[in-house]
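Below are the chains, spelled out letter by letter.
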Amino acid sequence: MDVSRSSDESKVLIINTGGTINMIFSQQGYVPEPYFLIETLHSQHRFHDPLEESLFSHSSSLEGYRRWSSSGRNTPIASGLGSREPSPSRGGTRGYSYQGLTLPVRSCRPIGIPEHLAPQTENVLPRQPVCKKVSEDVYEAQLPTLVTPRSTGPGGNSKRIRYVILEWHPMLDSSNIEIQDWIRIATDIELNYSNFDGFVILHGTDTMSYTSSALSFMLEDLGKTVVVTGAQIPMSQLRNDAVDNLLGALVIAGHYIIPECCLFFNHTLFRGNRCSKMSSYDLNAFSSLNFPPLVNVGIDIVVNWQNVIRQTSLRRFHSHKHMSPHVATLRLFPGITGATIRAFVAPPTRGVVLETFGAGNAPQRADLVAALKEACDNGVVIVAISQCAKGSVSDAYETGRSLLQAGVVPGGDMTPECALTKLSYLLSKPELSAAQVRSLIGTPLRGELTLSESKVPPSLSQPTGIDQSLDNIQGVLSQVVRLASASTTSRAPRILVSQGGADEARDQAADKATAPWSWTAAEAASTESALFPFLVHLAVSRDDTEGIAFCLAAEAKAEVGMAVGGGLANCLDAASGRAPLHIAALNGALKSAEMLLEAGALVHVRDSLGHTPLYYAARQGHEDLVDLLVKAGANLGGADVEGGFVGLAVRKATHARDERALRIWKKAGADVVHVECE
C-alpha cells in the first residue's frame, strides 16, 4: 500500500463470523453468501473511496463540492467508474495478486473456503486468497484492503480508515456459536494485534451479547478498541440497519482508543458485558439498563470518557484461550424442587448462574435450600442474579439472605450473559480455588458490575460545591505558576480566586437593578477542567512528579469535570496531538511515564504525525523508557514503520555503527537484521 500518507490512516481488522448482515434471501430463507459483504462494501463509496473522488470526500465545503461535481469523476455526469480500484473479488485473483492493495492477516484456521465446500461454491473459488501455514495452527494470507473517505475524529483530526475483512468459512449463524468460536476470535485478535489499531467483529444478534461478554474477559490487558456488531436486516436489503451499524463500529474502532470489548448497535456503543438483546423485532435490539452507554452517536459522536475503562497494569495484551464448559444457568420458578436443583448441579457441573426472583429472593422450602447448600459445600460455585432486566440482587429480604447463608454468591447487577461467561472464565483458570472464584465473582474485573454504595469511596459520591471548585482552581493556578516560573528556586506567588473580590468590584447599584446570577458550580468546574490538561502536559515536560500527582489526585477525587476526554493521562495537546506519554517519551521522563501508565495512559495512542510514544523513546535513545513501554504492551506501528521512519533510523545507526541505538531499536521491536541487510 502507499505509505506516503499512512500517518492519517488507521487500520482496522474486521473478523466476519457470519450473521444476518451477510445474508441474501433464497428459497431456503436468508442464507449467508461467501464474499458477498466485501463485494458490496467495495461498490459503496462510503465504505471504499481509495482515490478520494466521491461526494463524501468533497462535501466539507461548497467550493469543494462544486469542483467535484464539475470534474466528471464519479459524479452524476461521469461516464463511468474507470478510476476505481479493481475489485478484490472479481476477475479471478487480480485483487489478491496486486500487493499494493493487500495487508498480511493471520488466523488460527486456514483462510479461505475449505476444500470440502468447493463443489458448492465453484463460482467463488477464483476469488480465494493464497493461504500459507506459518507455524503450528497459524496461517497467513494477503487480504485486500478497503479504505473509507476521510472522517473527523477526536480533536478535529481528519483520518481515513483502511480495513481488511477476515471472513470465516463456513459463516456461522449466531445460534451455533460455541466456546471454541470465542477462543478462535480471541486468538485471531491476538495474532493480528500489533498490526491493526482496532478490531470489529461481525456477528449474528441472537448470541451477540454472550460473545461480547466472553471476549471482555478473555482479552486480558486489552489496550485497543474491539467492537462487536451486526444487523437485524441484511446488507442486501434496500432498507437495512447494516450500513449504520457497520459504519459506526468502523469509525469508532478507527478513530477512538476505547480499550474494551464493546457492542455497537443502533447508534450506541455499549460495554460488551453490560448489555442484552431485548427485542427480536426492533432495530434498537440491545439495551444496557444498569450502565450508561460508552458512546452515543448522533449529530456528534459523544464519548462518555468517565466510564471508559483505563488500562493501568504494566502488562502486555494476552488472550486467554480456555473457558470452562461446565457452567449452566438455572431460572427459578414457583414450585421448583430440591430434586431438580440436585439434578442440575450434579457432576460435571462446576458453576451455576441462579436467576432469582426480584432482588435475589428464592423459595424458602427446606429441601431447596438444603440442595443449594449441599452443592456449594461440594465446590459448585452458584451465583445469584436477578430475573429482572434492571436492578441488582441484595440481602434486604429474609428470602434473599437464606441464599447467602447457603453459600450462594451475589452477582450484583450482572446480566445473565455476563454472569455465565465470567463464571466460565474464572473456572477455566486452574490457579484459582473455588473460594477465590467466589470472591472474584463480586469483584469488577472488566466493569461488569456496579459496586454497592458501601464500597464506593465517599469522595466519588459527594458533589462538590462552588466554594470547593474555587479552592481547586486556586490550587491548579498555583501549580501552573510554580511550573512555569523561570526560576525554579524562587517561591511561586500564591494565586487567589474568590467570589468576594469580584463582587466588591462590581457596581452594587447595577447588581441591585439586574439581580445577576452568581457563578455556578458547573461553570467553576468547567474552568477547572480546562486548566488541568495544560498543567499535566507542563508537569510531564518538566518531569515534575509533584505536579503530575496533583493532577491525578484531583481526578481521582472526581474534581475534574467530564470535559477532559479520556482522562488527564490521555488528554491531547491541540497543536501536536500528543498525549502526556508522548512528552514523557521524548524527554526520557521515566518517573512521569510510570505515573501516567499507572493512571491508565494508552500506549498505542498516536500524535498528529502518526507516531507512538515507543517510537519517540527509541529515537531519543531512552532505553529504560523503551523497556517500560514494551512491558506495558507498546509496539511500533502506523507511520513509525509504514512511513519508513524506523527503517531510516536503523539504517543510520547501522552506518554509524551505533550498537547502543541498534540495541534499543531491537528492544522496541524493529526488524534490525532485515533493515541491515537492505
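In what follows, the structure referred to is the one given above.
Residues numbered from 1 in each chain as written. Predicted model: local features only at pLDDT ≥ 70, side-chain atom pairs only at ≥ 80, totals over all residues. Heavy atoms only, no water.

A word on the sheet that holds strand 21 (residues 381-386)
Rules: The pairing criterion for strands is at least two bridges between them, as found by DSSP. Counting from the N terminus, the helices are the DSSP runs of H or I reaching at least four residues and the strands are the DSSP runs of E reaching at least two. Contacts: residue pairs with any heavy atoms within 4.5 Å of one another. Fitted lines through C-alpha atoms give the axes, limited to the stretch in contact for helices. The angle between two N-to-C directions lies from 0 to 180 degrees.
Reading across from one edge, 19-20-21-22 is the order of the 4 strands in this open sheet, with parallel pairing throughout. In the strand order of this sheet, the two ends are held by strand 19 (327-331) and strand 22 (409-410), each with one partner. Alignment of strand 19 against strand 20 (residues 351-356), held across 5 bridges, turns out to be parallel. Residue pairing across strands places Val327 opposite Gly351, the latter belonging to strand 20. Its contacts with the sheet put helix 10 (residues 416-427) on strand 19, strand 20 and strand 21, and the angle it makes with strand 20 is roughly 160°.

What about the pairing of strand 1 (residues 9-18)?
Quick reminder of the rule: Each residue is assigned to one of three classes by its accessible area relative to the maximum for its type, calculated with a 1.4 Å probe on protein chains only: buried under 20%, partly exposed between the two thresholds, exposed over 50%.
With 10 of 10 residues buried, strand 1 lies mostly within the body of the structure. The pairing of strand 1 with strand 8 (residues 158-172) spans 9 bridges and is parallel. Among the inter-strand pairings, Val12 is bridged to a residue of strand 8, identified as Tyr163.

Some words on the nonpolar core
Threshold: Nonpolar cores were defined as sets of buried Ala, Val, Leu, Ile, Met, Phe, Trp, Tyr and Cys residues, with membership established by side-chain atoms within 4.5 Å.
Ranked by size, the top nonpolar core spans 55 residues in total, and within it Leu13, Ile189, Leu219, Val226, Leu423 and Ile441 carry the most contacts. The biggest single contributor to this core is helix 10, with 7 residues. Setting aside its immediate chain neighbours within four residues, Leu219 contacts Ala186, Ile189, Val226, Phe317, His318, Ser319 and Arg446. Listed in part, the 40 residues of the second largest apolar core include Ala618, Ala632, Leu662 and Ala668.

Considerations on the pattern of salt bridges
Defined as follows: Here, a salt bridge means any side-chain nitrogen of Lys or Arg that lies within 4 Å of a carboxyl oxygen of Asp or Glu.
The final tally for this structure, using the stated rule, is 23 salt bridges. With a shortest N-O distance of 2.9 Å, Glu220 and Lys429 are connected by a salt bridge. You can see Glu220 sitting in strand 10 (residues 219-220) and its partner Lys429 sitting in the loop between helix 10 and helix 11 (434-441), a full 209 residues away along the chain. The exposure class assigned to Glu220 is buried, which follows from its relative accessible area of 12%. Between Arg365 and Asp367 there is a salt bridge, with its nearest N and O atoms 3.2 Å apart. Arg365 sits in the partly exposed class, given a relative accessible area of 33%. We classify Asp367 as partly exposed; its relative accessible area is 33%.

Notes on the packing of aromatic side chains
Using the following cut-off: When the centres of two rings from Phe, Tyr and Trp lie within 6.5 Å, Trp using its six-membered ring, the rings pair. Their planes under 30 degrees apart give stacked, over 60 give edge-to-face, and anything left gives tilted. Each ring is checked for a lysine NZ or an arginine CZ that lies within 6 Å of its centre and within 35 degrees of its normal; such an atom marks a charge sitting over the ring.
This model, assessed by the stated rule, comprises 11 aromatic pairs. Relative to Phe645, the ring of Tyr615 lies with its centre 6.3 Å away and its plane at 70°, an arrangement referred to as edge-to-face. Separated by 30 residues along the polypeptide, Tyr615 in helix 20 (residues 613-619) and Phe645 in helix 23 (residues 645-655) bring together distant segments of the chain. For Tyr615, a relative accessible area of 4% puts it in the buried group. You can call Phe645 partly exposed: its relative accessible area is 36%. Taken together, the ring pairs in this structure connect Tyr193, Phe196, Phe199 and Phe317 into an aromatic cluster. In this arrangement the basic side chain of Arg184 is found over the ring face of Trp168, its NZ or CZ atom lying 3.8 Å from the centre. The ring of Tyr193 is capped by Lys224, whose NZ or CZ atom sits 4.7 Å from the centre of that ring.

As for the packing of helix 18 (residues 580-587) against helix 19 (residues 590-598)
Packed helices, taken two at a time, are described by their axes: the angle between them and the distance between them. Which entries qualify depends on this criterion: Angle categories: roughly parallel below 35 degrees, roughly antiparallel above 145, roughly perpendicular from 65 to 115, and oblique for all the rest. Put simply, a crossing is left-handed when the front helix is turned counterclockwise from the back one by less than a right angle, and right-handed when it is turned clockwise. Polar here means any residue outside two lists: the nonpolar Ala, Val, Leu, Ile, Met, Phe, Trp, Tyr, Cys and Pro, and the charged Asp, Glu, Lys and Arg; Gly therefore counts as polar.
At a minimum axis separation of 9 Å, helix 18 and helix 19 run at an interaxial angle of 155°. With respect to helix 19, the element helix 18 is oriented roughly antiparallel. Read as a crossing pair, helix 18 and helix 19 show a hand that is left-handed. Between helix 18 and helix 19, the contacting residues are Pro580, Leu581 and Ala584 on the first element and Ser592, Ala593, Leu596 and Leu597 on the second. Tallied by class, residues from the contact of helix 18 with helix 19 come to 6 nonpolar, 1 polar and no charged.

With respect to helix 18
The buried count for helix 18 comes to 7 of 8 residues, which makes it a mostly enclosed element. Listed in full, the buried residues belonging to helix 18 are Pro580, Leu581, His582, Ile583, Ala584, Ala585 and Leu586. A positive phi of about 70° marks Gly588, the residue just after helix 18.

What about the environment of Thr145?
Filter applied, for reference: Contacts described as polar in this section are N or O atom pairs within 3.5 Å, which, within protein, must combine one atom able to donate a hydrogen with one able to accept it, while residues neighboring in sequence count only if both atoms come from side chains.
Residue placement: Thr145 occurs in strand 6 (residues 138-147). Among the residues examined, Thr145 registers a relative accessible area of 4% and is labelled buried. Residues Thr145 and Pro104 lie 41 residues apart in sequence; the distance between their C-alpha atoms is 10.0 Å. The residues touching Thr145, leaving out its near neighbours within four places in the chain, are His48, Leu101, Thr102, Leu103, Arg162, Tyr163 and Val164. A polar contact is formed between the side chain of Thr145 and the side chain of Arg162, at a distance of 2.7 Å.

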